[in-house]
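The chain contents come next:
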Amino acid sequence: MEWTGARYADGPTVEVETWIDSPPEHVWELVTDMELIARISDELQEVQWLDGARGPSLGARFTGRNRHDALGEWTTTSHVVEFEPQRVFGWAVRDPENPMASWRFALRPADGGTQLSQWARMGPAPSGLSLAIERMPEKEQKIVFVRLRDFERGMTANLAGIKELAEAR
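In what follows, the accompanying structure is described. (Residues numbered from 1 in each chain as written. Predicted model: local features only at pLDDT ≥ 70, side-chain atom pairs only at ≥ 80, totals over all residues. Heavy atoms only, no water.)

## Regarding the overall build of the protein
- Helix and strand counts for the protein stand at four helices and seven strands.
- Listed N to C, the secondary structure of the protein is β-α-α-β-β-β-β-β-β-α-α in terms of helices and strands.
- Oriented by its inertia axes, the alpha-carbon framework of the protein measures out at about 50 × 40 × 25 Å.
- When the 169 residues of the protein are sorted by exposure, 49% land in the buried category.
- The long-range fraction of contacts in the protein, counting pairs at least 24 apart against all pairs at least 6 apart in sequence, stands at 53%.
- Within the protein, the 27 negative side-chain charges are centred at a point lying 4 Å from the centre of the 19 positive side-chain charges. (Helix = DSSP H or I, 4+ residues; strand = E, 2+ residues; numbered from the N terminus. Buried < 20%, exposed > 50% of the residue type's maximum accessible area, 1.4 Å probe, protein only. Contact = heavy atoms within 4.5 Å. Lys, Arg positive; Asp, Glu negative; His and termini not counted. Charge placed at Lys NZ, Arg CZ, Asp CG, Glu CD.)

Structure below.
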């Protein structure tokens, strides 16, 4: 990841992608299995669907328990805000109208397989990162950059895990 100098209020984003030698319908099953994503992820530790939901659908909600060596542990509630089967699965953390972060998997058929990307945006609502920025405003750009790098590293590992499972079918 290259230095961007972004500030939190800029709503900085990061995206990673990979090609998977498996059809979109198989990859879709994996990216929408949030319990699987929690097993692959270093940061997301556990997911629990709320309100009787057994999986993602537009408007469904889930809690995510997270852990990060430098940031500690926390739990958030997310709302599924994008859901187009075999195309896009996205969620907003805490408030769907003013999220503290937004995440998305996008799939498209490509070269006999699937082009898969994972994207994330910080903000615009305050998050735990906002507290660090308030304490050290002179380091805001570095704090944002380091966290975006964390996102990128985690998403790269997520896609590698999904790719391995999808191609092993």
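## So, the packing of aromatic side chains
- Tallied over the full model, the rule gives eight aromatic pairs.
- Considering the side-chain rings of Trp28 and Phe83, the 5.4 Å spacing of their centres and the 55 degrees angle between planes classify their relative orientation as tilted. With Trp28 in helix H1 (residues 24-31) and Phe83 in strand E4 (residues 72-84), this residue pair connects regions lying 55 residues apart in the sequence.
- Ring geometry for Trp91 against Phe105: centres 6.0 Å apart, planes inclined by 45 degrees, an arrangement best described as tilted. With Trp91 in strand E5 (residues 88-93) and Phe105 in strand E6 (residues 101-110), this residue pair connects regions lying 14 residues apart in the sequence. Here Trp91 matches Phe105 in class, with each residue buried.
- Taken together through their ring pairs, the aromatic side chains of Trp28, Trp49, Phe62, Phe83, Phe89, Trp91 and Phe105 make up a single cluster.
- One residue, Arg104, lies across the ring of Trp119, its end atom 4.2 Å from the ring centre. (Phe/Tyr/Trp six-rings, centres within 6.5 Å; stacked < 30°, edge-to-face > 60°. Lys NZ or Arg CZ within 6 Å of the ring centre and 35° of its normal.)

## Some points on the side chain of Ser117
- Here Ser117 shows up in strand E7 (residues 113-122).
- Separated by 3.2 Å, the side chains of Ser117 and Glu15 make a polar contact.
- Sequence-distant contacts of Ser117, that is, excluding residues within four places in its chain, are made with Glu15, Val16, Glu17, Arg104, Phe105, Ala106 and Leu159. (Polar contact = N/O pair within 3.5 Å; in protein donor to acceptor, adjacent residues only side chain to side chain.)

## Quick word on the side chain of His79
- Tracing the backbone shows His79 in strand E4.
- For His79, a relative accessible area of 15% corresponds to the buried category.
- Polar side-chain contacts of His79 include one of 2.9 Å to the backbone oxygen of Arg94.

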